[in-house]
Amino acid sequence: MTEGAAWLEKEAEAAARNVTRRHVDRLLALGCRKAAQLGVNHVPFGVMHVTPGKDRIYQPSEDTSGNMALIVPACWPVDEPGFNVEWRTRWPVIDLIALYLDQPSAWYWRRGTAWALGGHLLEHWQGEPLPIVATPLDWLRAGGEAVCLLDWSPKSPAWPLLRMVREVELEDDLLGKRLLDMLARTAPRPTIRRVRRPAHQELTDAA
């Protein structure tokens, strides 16, 4: 996995400082009630004006006339010795993902190296059904307890790892079809099981 970078950490922290109550309320209205728990380990989400460029790479923008993009840090756990020779887990930022809340299915990378959010759950699969979500916004809804594939190219590290997983769970039929299309030429491949949110959660999210 790509190493983190100090400048990415600084940009993520700057974006986090831009978050206001209005942004939090918008995310809560979109069902992202678990997003705050990511701040325990990850650099928290933020907002920033950005300019999308070629190859879906964005740059921070000095033009503040448009809507701010949601910035989701892509972090990867690194175990290292801490105080008293005990091991601790650090979550360096390896990339930043930007998206607009009115178009969450389109996202942009800061440097283009993160192939997934929550990819460590796939790389270190523990044998349980693996939840996969469609967008970074869905990943925030899940509180980071899922995998969101960012790189869908044939060379993505996700595909050989998915061959080792027996079962994945998802709520999105289109996502399931897309996964099956990408995995059609690989064997073995996981069973893809459609799951639904509890009715009370769907009603709450729609409120």
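Residues numbered from 1 in each chain as written. Predicted model: local features only at pLDDT ≥ 70, side-chain atom pairs only at ≥ 80, totals over all residues. Heavy atoms only, no water.

K.L.:
So what about the side chain of His120? Which residues, and what values?
P.N.:
For His120, the location among the structural elements is in helix H3 (residues 119-123). A relative accessible area of 14% places His120 in the buried class. The residues contacting His120, other than those within four sequence positions of it, are Trp76, Pro77 and Trp91. (Helix = DSSP H or I, 4+ residues; strand = E, 2+ residues; numbered from the N terminus. Buried < 20%, exposed > 50% of the residue type's maximum accessible area, 1.4 Å probe, protein only. Contact = heavy atoms within 4.5 Å.)

K.L.:
I'd like a description of helix H1 (residues 6-17), backed by residues and values.
P.N.:
In this model H1 runs 17 Å from its N-terminal to its C-terminal C-alpha over 12 residues, within 8% of the 16 Å that 1.5 Å per residue would give. For H1, the set of buried residues is Leu8, Glu9, Glu11, Ala12 and Ala15. The arc that holds the buried residues of H1, viewed along the axis, is 165°, so those residues lie on one side. Across from the buried face of H1, at angles greater than 90 degrees, the exposed residues are Ala6, Lys10 and Arg17. Looking at the buried side of H1, the elements it contacts are strand E1 (46-48), strand E3 (58-60), strand E4 (69-75) and strand E7 (93-100). (Expected span 1.5 Å × (residues − 1). Arc of directions from axis to C-beta.)

K.L.:
Report on unusual backbone geometry, specifying residues and quantitative values.
P.N.:
Even without glycine at this site, Asp55 takes up a positive phi of about 60°. Examined against the element boundaries, Asp55 turns out to sit in the loop between strand E2 (50-52) and E3. Relative accessible area serves as the criterion here: at 64%, Asp55 is assigned to the exposed category. With a phi angle near 60°, Arg56 is a residue other than glycine that sits in the positive phi range.

K.L.:
Quick one: what's the story with the sheet that holds strand E11 (residues 147-149), residue by residue and with numbers?
P.N.:
Read from one edge of the open sheet, five strands run E9-E11-E10-E12-E13, paired in mixed fashion. Of all the strands in the sheet, the pair left with one neighbour each is strand E9 (116-117) and strand E13 (191-194). In this sheet, strand E12 (residues 167-170) lies alongside strand E10 (residues 130-133) in parallel orientation, the contact comprising two bridges. Paired with Pro131 across the two strands is Glu169, which belongs to E12. In the packing of helix H6 (residues 173-183) onto the sheet, contacts are made with E10, E11, E12 and E13, and the angle to E13 comes to roughly 170°. (Pairing = 2+ DSSP bridges. Axes fitted to C-alpha atoms, helices over the stretch in contact; angles between N-to-C directions.)

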